Amino acid sequence: MKPSNYITIPFGIISLLFIAEAFLKDDHVWALYAAPIIIIVAGVFVMSPQIDWFILKKNPKPLPTVLENLLFQNQPYFKKLSPEMKTLYSKKSALFLLGNNFFRPTSDENERNKVPEDLKLIVAAAAAQILLGREEVYFSKFDNYMICPNTFPTPIHPTQHNSELFAPDSVIIFSAPALLHGFTQQPRVFQLAIYELSRVFFSTLSTKNSTPALDESHWHFLENISGMTKSFVESTIGLANPDLIGVATHHFFVFPQKFNQILPDVFQLLCNAFNQNPLKEMNPIIA
């Protein structure tokens, strides 16, 4: 049960008792006693996401078992961590789920927030992986995640594609099938969640001058690291000219050995930025 429910439920019961007393005794004074309590309940209900976030961030809980099992089954990075690091990863994922908005592109308000938990987990797990070595548990300027049932067009990119970082509305958009495919077919498939969230990371968080300077000449090295050509990455995203920092971050986490061999300087910069060395599989946090 959410922490805010421990506030709303008892106050709600008390207000109902007052209203029942007013009805049974035909005395409206009892209803007046209920009024401030109802206002408190309404206020807590409206502010419940902020209240839950504040309390759970102080006392974070790991993911439910069913979601942790999905990580064990599909997330190699998570499976190799020590028990302590798994707990930290799980708690960061859970906090990310709590502190962000996930929704579907529909005008029906009743259906808008009905995003399957496994799809939300994929995004949260990518965030936890990126932020594992840092104090942050979410990206303050990007807290909206739209999950579309298929490929989608947008005003900026009118062709059908699978993911997009839309800065004006602080929203990241994903195609559900591509998101799920990248998560379940690691490491053979390019993972859109890591790609887009790493772009958010470098655009919103201080990285202490650890952002690598990448240009088109690096594509040759990135292809040798991963075996994924530029055209393959473009076809996965559905857009031309992918952001190199997002691609490099994906390969940094998924192919760390070859990355360190081929681009050691870039590898070290990314280690500094994320405060992680993925070559240390059980405990990648540096400091």
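Residues numbered from 1 in each chain as written. Predicted model: local features only at pLDDT ≥ 70, side-chain atom pairs only at ≥ 80, totals over all residues. Heavy atoms only, no water.

**Q** Help me understand the sheet that holds strand E4 (residues 171–175), please; the structure alone is not making it clear to me.
**A** Paired through backbone hydrogen bonds, the strands of a sheet run either parallel or antiparallel to each other. Taken together, the 4 strands give an open sheet; going across it, the order is E1-E2-E4-E3, and neighbouring strands pair in mixed fashion. Among the strands making up the open sheet, the edge pair consists of strand E1 (101–103) and strand E3 (163–166). Between one strand axis and the next, the sheet turns through 15° on average, direction left out of account. In this sheet, E4 lies alongside strand E2 (residues 144–148) in parallel orientation, the contact comprising 5 bridges. Within E4, the position partnered with Cys148 by the bridge is Ser175. Of the strands in this sheet, E1, E2 and E4 are in contact with helix H8 (residues 117–131), which crosses E2 at around 135°. Contacting E2 and E4, helix H9 (residues 176–184) runs over the sheet at an angle of about 80° to E4. (Pairing = 2+ DSSP bridges. Helix = DSSP H or I, 4+ residues; strand = E, 2+ residues; numbered from the N terminus. Axes fitted to C-alpha atoms, helices over the stretch in contact; angles between N-to-C directions. Contact = heavy atoms within 4.5 Å.)

**Q** What is the right way to look at the environment of Ala273 in this model?
**A** Checked against the element boundaries, Ala273 lands in helix H15 (residues 264–274). Along the primary structure Ala273 and Thr211 are separated by 62 residues, whereas in three dimensions their C-alpha atoms are 6.9 Å apart.

**Q** Explain the side chain of Gln276 here, please?
**A** Locating Gln276 in the fold gives a position in the segment after H15. By relative accessible area, Gln276 is classed as buried at 0%. One polar contact links Gln276 to Tyr77, side chain to side chain, over a distance of 2.6 Å. If we ignore the near neighbours within four places in the chain, the residues touching Gln276 are Tyr77, Gln129, Ile130, Leu132, Gly133, Phe252, Phe253, Cys271, Pro284, Ile285 and Ile286. (Buried < 20%, exposed > 50% of the residue type's maximum accessible area, 1.4 Å probe, protein only. Polar contact = N/O pair within 3.5 Å; in protein donor to acceptor, adjacent residues only side chain to side chain.)

**Q** Honestly, helix H4 (residues 65–74) in this entry has me stumped. Any pointers?
**A** One turn of the α-helix equals 3.6 residues, which is why residues spaced by three or four share an orientation. Those residues of H4 that fall on the buried side of the exposure criterion are Leu67, Glu68, Leu71 and Asn74. The buried residues of H4 occupy an angular sector of 145° when the element is viewed end-on, so they sit on one face. Every exposed residue of H4 that faces more than 90 degrees away from the buried side is listed here: Thr65, Val66 and Gln73. Each element contacted by the buried residues of H4 is listed here: helix H5 (76–79), helix H6 (83–99), H8 and H9. (Arc of directions from axis to C-beta.)

That's the geometry; what it means functionally is another story.
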